[in-house]
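Overview (structure and organization)
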Amino acid sequence: MEYFRVEGGRPLEGTVRVQGAKNSALPLLAATLLARGETVLRNCPELTDVAAALDILACLGCRAGREGDTVRVDTSTLSGCVIPDGLMGRMRASVLFLGALLARIGEAHTGWPGGCALGARPIDLHLGAFRTLGALVLDRGSLLSCESAGLRGRMLCLPFPSVGATENAMLCACGARGVTVIRNAAREPEIVDLQNFLRSMGAEVHGAGSGRILIRGGKPLHPTDYTVMPDRIAAATFLCAVASAGGEGELTGVCSRDLIPVLASLETAGCAISKEADRLVIRVKRPLRGIGRLTTGPWPAFPTDAQPLLAAALAGGEGTTEIVETVFERRFRYAGGLRAMGADLRVAGDTAYLSGRPLRGAEVKAADLRGGAALTIAALGAEGESRIGGLDHIDRGYRGLEKDLSALGASIRRIRSTSGTKSSDT
Ligand code: EPZ
């Protein structure tokens with residue numbers, strides 16, 4: 001059993017290099033299946049979710065290996081199209097292998113995807129896209145079967161700009177003869193990174209980031225050598241850590257453009273931020289001030305993944321903030337942990353009502369990935385010692401969060417122990 005021990009209440013000072021993006025590396029690893037041969041992915045973060053994707057590739061017969069931040073995937077030995085429950089259940093992004101397998105070999109048989117329990121999280125839009133492109137999709141209870149004798153390009157319109165459904169439709173459309181147009185597509189920066197990756201394999205893809213994506217499919221693709229974009233949510237985590245504890249932090253290897261909604265909210269809360277294309281410096285004098293109403297949504301709105309992070313920083317400030325979560329039904333599971341630290345936080349339906357006040361250290365446990373990062377952020381601003389358990393959630397999305405926060409000057413250590421920490425699920 002591991003937990004973080006954090007000594008809070010000290011201003012931070014330091015520099016951290018931002019990791020490659022989990023939410024881009026995962027669709028890119030699935031996309032390696034689209035071309036026969038060895039693809040090289042650079043700046044690919046060492047995370048448990050990435051390890052799960054590499055295990056899926058190995059289970060399909062591919063050879064995958066890592067040297068530092070570089071991952072090599074050789075798909076010339078692809079031999080299977082079955083992904084067992086155990087592997088599918090380890091994360092949500094496993095569903096992206098269905099679109100890639102359908103495009104490459106016209107068949108995929110899998111269990112159902114897992115991932116953070118942020119709400120219902122159905123995959124109806126993914127399956128709807130496969131059907132529109134001509135696949136036969138059978139829900140056999142614990143097994144999902146997708147087959148196609150020949151995918152065809154089509155017009156498809158998503159009722160909601162789902163990130164995963166857009167990515168799966170793009171992957172599947174690469175194997176469909178003719179033109180596919182995805183309307184009301186997700187516009188997140190990770191969608192643009194996927195388009196750029198597919199183009200570097202020789203695919204004809206246009207419009208990512210605009211909400212209307214056009215793919216001319218059925219062309220043979222080739223392996224590539226590609227660098228994964230920086231992780232905007234990891235960057236938001238480090239910015240909120242400095243915002244919570246006060247002090248000064250420098251982020252390098254970051255893409256400032258991808259952080260516009262987050263930077264705007266932090267500046268409203270009183271943070272001074274100097275921006276260059278790939279470098280950010282944040283200076284914070286506590287206490288932060290409340291920012292009024294914040295509503296999450298699909299890009300370019302405020303990202304739902306950064307909502308717990310900002311809430312944790314604001315909890316130790318002053319003034320009020322109302323957070324309306326519009327993407328996931330259960331994204332306030334960190335609230336109980338913040339209250340254990342003394343936060344004035346009330347959740348009613350899709351809204352959290354926060355009134356900033358000084359926090360004190362406590363023993364808490366992560367219930368999901370970003371909730372765990374939020375509790376760590378709050379602990380940095382809280383007086384005294386905190387213990388944060390549930391690190392298996394945190395390790396899914398951060399390559400050693402304690403190391404990166406230590407680089408920013410935080411007093412945080414990963415402790416191995418036989419006894420657990422208290423649950424903080426609301
Ligand atoms: C991606 O999840 C990210 N994960 C999430 O990050 C992120 O929170 C989310 O996009 C929104 O930005 C990865 O990229 C691996 P969606 P995804 O499909 O693709 C509903 C993190 O912390 N929906 O855009 O699962 C769904 O239930 C993770 O790094 C359907 O109803 O998100 C949700 O309410 C957490 N039917 C909403 O759409 C579908 O078929 C948004 O989901 C698909 C989605």
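See the structure shown above.
We now turn to the structure provided with this report. (Residues numbered from 1 in each chain as written. Predicted model: local features only at pLDDT ≥ 70, side-chain atom pairs only at ≥ 80, totals over all residues. Heavy atoms only, no water.)

We now examine the sheet that holds strand β2 (residues 12-17). Strands sit in the order β2-β15-β17-β16 across an open sheet of four strands; the sheet is mixed. Unpaired on one side and paired on the other, β2 and β16 (272-276) mark the two borders of the sheet. Taken over all neighbouring pairs, the strand axes of this sheet differ in orientation by 10° on average, direction set aside. One ladder, built from five bridges, connects β16 with strand β17 (residues 279-284); its direction is antiparallel. (Pairing = 2+ DSSP bridges. Helix = DSSP H or I, 4+ residues; strand = E, 2+ residues; numbered from the N terminus. Axes fitted to C-alpha atoms, helices over the stretch in contact; angles between N-to-C directions.)

Now for helix α6 (residues 163-173). With respect to burial, α6 is a largely interior element, ten of its eleven residues being buried. Residues of α6 that are buried: G164, A165, T166, E167, N168, A169, M170, L171, C172 and A173. N-capping of α6 is provided by S162, with a side-chain oxygen placed 3.4 Å from the backbone N of G164. (Buried < 20%, exposed > 50% of the residue type's maximum accessible area, 1.4 Å probe, protein only. Polar contact = N/O pair within 3.5 Å; in protein donor to acceptor, adjacent residues only side chain to side chain.)

Here we take up the nonpolar core. Grouped together as the largest cluster of nonpolar side chains are 76 residues, with contacts concentrated most on L34 and L198. Per element, the largest residue contribution to this core is seven residues, and it comes from helix α4 (residues 96-105). Apart from residues no more than four positions distant in its own chain, L198 is found in contact with A31, L34, M170, L171, C174, A203 and V205. (Core = buried A, V, L, I, M, F, W, Y, C linked by side-chain atoms within 4.5 Å. Contact = heavy atoms within 4.5 Å.)

The end-to-end C-alpha separation of helix α8 (residues 232-245) is 20 Å, in line with the 20 Å expected for 14 residues at 1.5 Å each. Backbone geometry just after α8 places G246 at a positive phi near 85°. (Expected span 1.5 Å × (residues − 1).)

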